[in-house]
Structures are given as C-alpha cells and as structure tokens.
Amino acid sequence: MVSQHLLTITIFFPLAGVLALFFVNSEKSQLIKLVGFLTTVATFAFSLFLYFRFDAAAPGFQFREYAVWIAGLNISYFVGIDGISLLLIVLTTFLTPLALLGTWNSIHKRIREYTMMILLLEIGMVGVFASLDLFLFYIFWEAMLIPMYFIIGIWGGQDRVYAAVKFFLFTLFGSLLMLVAIIALGVYASTLPGGYFTTNLLQLYGVAPRMALTLQTWMFLAFTLSFAIKVPLFPFHTWLPDAHVQAPTAGSVLLAGVLLKMGTYGLIRFSLPLFPHAAFTFVPLLGILAVIGIIYGALVAMVQTDLKKLVAYSSVSHLGFVVLGIFSMTEEGIQGAVIQMINHGLSTGALFLIVGMLYDRAHTRMIADFGGVAKLMPVFATIFMIVSLSSIGLPGLNGFVGEFLILLGSFKSTFLGTYAYATFAASGVILAAVYLLWAYQRVIFGPVREGGLYGGHTLSDLNVKEVVSLSAILVFIVWIGVYPQTFLSKSGPVAKQLVQGLEFVRSGGQIRTAELPANNLPYGH
C-alpha cells in the first residue's frame, strides 16, 4: 500500500507535521522546532526510497499515480517522476530540514506559524516537480507562493512587506500567463479530430508540437516568460535581490535552493518538448539573455557591500549558466544544466546559511563591518572557503562539473550555432572568483576588530547544529565534484531522449500520434 502511493506520501507528508503543530502549545518553541525538523527528515527519508527504487534504465515516468479530479474537463491528480524530477525532489527534501536545523535559533516570534509555513512550502515545491497534469502543476505552483509570501512578509527584514509583495506580483503575473496558455492548449487539443479538452501532460506531448508555428510561438512565450521570471532570467530578475535580502535565512535557502529551479525545470519539462519549433526560433535571444545574466549578475555582485545581496546576485549569474545549457539543446548542455541546478541549490543554499549564521552573531551583513573573522571562527572560515570554492567552480568540487558540461554543450551546439555564447559565458567563472574571493578576503582575513566586537557583538564559532547542517551539504559538494555519475546516471536517459526528440523535430520529423506516446516520454517516435 505504501509503495503504491510512495510519491503522494512524499508530497503530502509535511501536512502531517502541520496538523500535529495545531496541537502543540505555541509557547513550547523547542517542541515546535523538533516536530517541524523531524517531519522534514521523515519526508527526506521517503524521497530516498524513491531514489533507490528508481530505475534509470526504465523508460517513461515512474511511481505514477492517477485519480480523476474534475471529470468534465479531464483534469486529474496525475503525478510521476523521471530522473530530472527525482533529483530535484531529493534536493528539496534534503535542503528543507537543513534550513530548519541551521537556523534553529534565528526565529523568535510566531515560531509555530513559521514552521507551518515551511512545511506547507515543502508540499508545494515537491508537488511542482511531481505533477504530470498541467492544471495540477499550476495549483502547486501557485500554492507555493502563499507560504513564501508570508515567510518573507512576517519574518523578514526591515523592508519585508515591500519585498514580499514584489515577489508575489512578479511571480503571479507570469503564472497567469501560463494559466491562459494551459487553457488554450487544452482547447486546442479539443479541436483535433476525436479530440477533447485535456491537461494531461503526456497526451499533450503528442499534441502541442504539431500546432502551427504562430500559435506555438504564443504558447511558448507565455510558458517561458513565466519560467524566466521564476529563474530569474535577465531582465526579469529585479524581484530577486529584495526577496533574498529581506527573507529570513531559511526562506533564502529554499528560495535559492529550490524555488528558482522551478523555472529552469519548467523550461526542460514544458517549453522545449511542448513547443520545439518556437523554441528553435528563440534560441539566439534566450542564449543572449543567459550570457548577459551570467556577466551582469557577476559584475553587480562584485560591487555589493551587503554580503547577502552579493550572494543573491550570484544566483542571477549561476542560473544564467543553467539557461544557456538548456538552450544549447545538447545532451551535455542539458545534463550540465540539471546537475548545475543541484549544485546551485547546495552551494548557494550553504552560502545563505553561512551569511545567516554570521548575521545572527553580529547583526550586520555589511562586508566593511567584518575582518579577522578567521581568528575567532576558524571552523566557520574553513567551511566558508570550501563552499565559496565550490560556487566558483574549482575542479574537484561540484560547481566545476556543471559549468564544464554546460560550456562543452554550448561549444558543441548546432542550435546556438556559434562559439560566442560559450566564450563570453566562460568569463562568468573568472568573475565569480573575483567577487567571492574578494568578499571572503575582506570578511575572513585581516586584523580583528577593536575589542573583538562586530556590530557591537562578540563572535563565537559554529555550534553543533550549524556544523551538522553545513557538513551535510559539504558531503555532496565533494561527492558530486569527485564522482558526479551517481547523479548524472539518473537524469542521463531523460536528457538523451529530449535531445533526440528535438533533433527529430528539427530534421522535419512529425509527431506520430496525438494520443499518449507509446513510451510515455516526449516525442514517441
């Protein structure tokens, strides 16, 4: 029974923690934190069952569950995962308990409600990656906005309300465009001979690529704009620094580690396989925007005086690499994009934890307020260095693997058609070294501040909970850097199938049927 519904249990298990918290006295803060943490650990355990039972060699989506939801419109509760969504679900369930553990003493008001919001957010995040019905995907996509809005708006910094509203409006605007496109796609399916309105993704994989180019272009723009805002891709990035800086540390970790990946995941899962002809048309533009984002994000990060804002702008740069890899439309590029999504979640999630831990002690994030921290916090300084090097892309650590594959795929790409994209993108690696190492040097080295006071406070090294949360991330930073095949083997068949389908369509091939593809993957041919 459990194995048959393992994916649904993984999605909704945090709800059990939410219900349990209703019966916990709001003044028992330690018990509230423990219930939230153990709930997220159990959810991670369920996701590990998915990981170890997943057969990368088997075609199609696995752990599928189907139930009729709105029969008149052929809308269903339809979930399932492939290698890409599997990795992102495990990343989500891995980061959530670490975000709670690493910020154990950071929240001091409405702790019960805060923990509930984190658990509800986890449901939405996992649900997005598991949905195989477009309407269900949209529900999870929108549902995720609500707890993040409250996390930023209630427990954030001084300008938290402004940042929360900006985050909500930007994302909602893109979401509404996507909703219109989902409805239009279902209506189009109903106009085909023997057709009917459907939001079943696997059926639409056989329908959407056959649309006329004009209609396909509008659909592609609606979906892709929604995802570009979420990534965020330049020039739709302006909501991100405010949201990151104002969000509490756990909110920033999950925002950078998971929520941004929903945009890049959407490009792979929906934009490319549903609208391939339109995607071919916009490859040059999206490639240029990705490269601009890589360089722009790095340059702006370089001049930041606030350490948290520096890390926020680094996300614009790193996610530019992911978008470039996706639109290289090569197996190496897409594999690199997927592993870089994981890498960014780990490295940038750890950086936000590190900034939060420093802020909890000094109550300032201004780089100029620090110096000589290594002498007072040697463990902190060591971990900060390793994580910074992983974010830069040092060989032997996780960031190198993703950036190497993305640049290789971009050089090889016949869709991009020029080496210029990869050449300019490579400068982002150099710029990352500049802004991260320069920030590290100013914060960690130099003389200790007079009296050992930072922002009027003394600094103590990391406690056990903080060391455990960061060390867990370091394990995977090194693991992926040394032996990435453990994870690439899960997503490899999906990337290969997608690229073969895109090549098939570009060569003039036609989708064989408007019915469910025989192998339940894009482009059954």
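Residues numbered from 1 in each chain as written. Predicted model: local features only at pLDDT ≥ 70, side-chain atom pairs only at ≥ 80, totals over all residues. Heavy atoms only, no water.

## A word on the nonpolar core
And then number 1: Ranked by size, the top nonpolar core spans 191 residues in total, and within it Phe275 and Phe327 carry the most contacts.
And then number 2: For this core, the element with the highest residue contribution is helix 13 (residues 331-362), accounting for 16 residues.
And then number 3: Beyond its immediate stretch of four places on either side in the chain, Phe275 contacts Leu185, Ala208, Met211, Gln216, Met219, Phe220, Phe223 and Phe270. (Core = buried A, V, L, I, M, F, W, Y, C linked by side-chain atoms within 4.5 Å. Buried < 20%, exposed > 50% of the residue type's maximum accessible area, 1.4 Å probe, protein only. Helix = DSSP H or I, 4+ residues; strand = E, 2+ residues; numbered from the N terminus. Contact = heavy atoms within 4.5 Å.)

## Let's talk about the packing of helix 12 (residues 307-328) against helix 13
Helices that pack against each other are described as a pair by the angle of their axes relative to one another and the distance between those axes.
And then number 1: As a packed pair, helix 12 and helix 13 sit with axes 8 Å apart at the nearest point and diverge in direction by 175°. Put simply, helix 12 runs roughly antiparallel to helix 13. Between helix 12, through Leu307, Lys308, Val311, Ala312, Ser315, His318, Leu319, Val322, Gly325, Ile326 and Ser328, and helix 13, the contact on the second element is made entirely by Gly333, Ile334, Ala337, Gln340, Met341, His344, Thr348, Leu351, Phe352, Val355 and Leu358.
And then number 2: Broken down by class, the residue content of the contact of helix 12 with helix 13 amounts to 13 nonpolar, 8 polar and 1 charged. (Axes fitted to C-alpha atoms, helices over the stretch in contact; angles between N-to-C directions. Parallel < 35°, antiparallel > 145°, perpendicular 65-115°, else oblique. Nonpolar A, V, L, I, M, F, W, Y, C, P; charged D, E, K, R; others polar.)

## Here's the deal with the pattern of salt bridges
And then number 1: Counting across every chain of the model gives 6 salt bridges.
And then number 2: Asp306 is paired through a salt bridge with Arg365; the nearest N and O atoms lie 3.3 Å apart. Here Arg365 lies in the loop between helix 13 and helix 14 (373-376) and Asp306 lies in the loop between helix 11 (276-302) and helix 12, a separation of 59 residues in the sequence. Comparing Asp306 with Arg365 shows no difference in burial state: the two are buried.
And then number 3: Between Glu503 and Arg506 there is a salt bridge, and its shortest N-O distance comes to 3.5 Å. Residue Glu503 and its partner Arg506 are located together in helix 19 (residues 485-506), separated by 3 residues, close to a single helical turn. (Salt bridge = Lys/Arg side-chain N within 4 Å of Asp/Glu carboxyl O.)

## Here we look at the domain arrangement of the protein chain
And then number 1: Each domain of the protein chain was delimited in the assignment, giving domain 1 (1-274) and domain 2 (275-503).
And then number 2: Relative placement of domain 1 and domain 2: their C-alpha centres are 22 Å apart.
And then number 3: Across the contact, 58 residues belong to domain 1 and 57 residues belong to domain 2.
And then number 4: Of the roughly 4,900 Å² buried between domain 1 and domain 2 on both sides combined, carbon and sulfur atoms contribute 80%.
And then number 5: One can count 0 salt bridges joining domain 1 with domain 2.
And then number 6: At the junction of domain 1 with domain 2, the criterion picks out 11 residue pairs in polar contact (both at pLDDT 80 or more). (Domains from an automatic or database assignment. Buried area = accessible area lost by both parts, 1.4 Å probe. Polar contact = N/O pair within 3.5 Å; in protein donor to acceptor, adjacent residues only side chain to side chain.)

## With respect to helix 13
And then number 1: Here helix 13 is 32 residues long and its end C-alpha atoms lie 46 Å apart, about the 46 Å a rise of 1.5 Å per residue gives.
And then number 2: Where burial is concerned, most of helix 13 is hidden: 28 out of the 32 residues are buried.
And then number 3: The first or second residue beyond helix 13 is His363, which carries a positive phi of 55°. (Expected span 1.5 Å × (residues − 1).)

## Re unusual backbone geometry
And then number 1: Residue Val231 is joined to Pro232 through a cis peptide bond whose omega torsion reads -10°.
And then number 2: With omega at 10°, the peptide bond leading from Phe234 into Pro235 counts as cis.
And then number 3: One non-glycine residue, Asn74, lies in positive phi territory at about 55°.
And then number 4: Within the secondary structure layout, Asn74 lies in the loop between strand 1 (62-70) and strand 2 (75-81).
And then number 5: Looking at Asn74, the relative accessible area reads 33%, which means it is partly exposed.
And then number 6: For His363, which is not a glycine, the phi torsion comes out positive at approximately 55°.
And then number 7: With respect to the secondary-structure elements, His363 resides in the loop between helix 13 and helix 14.
And then number 8: A residue is classified by how much of its surface remains accessible, and His363, at 46% relative accessible area, is partly exposed.

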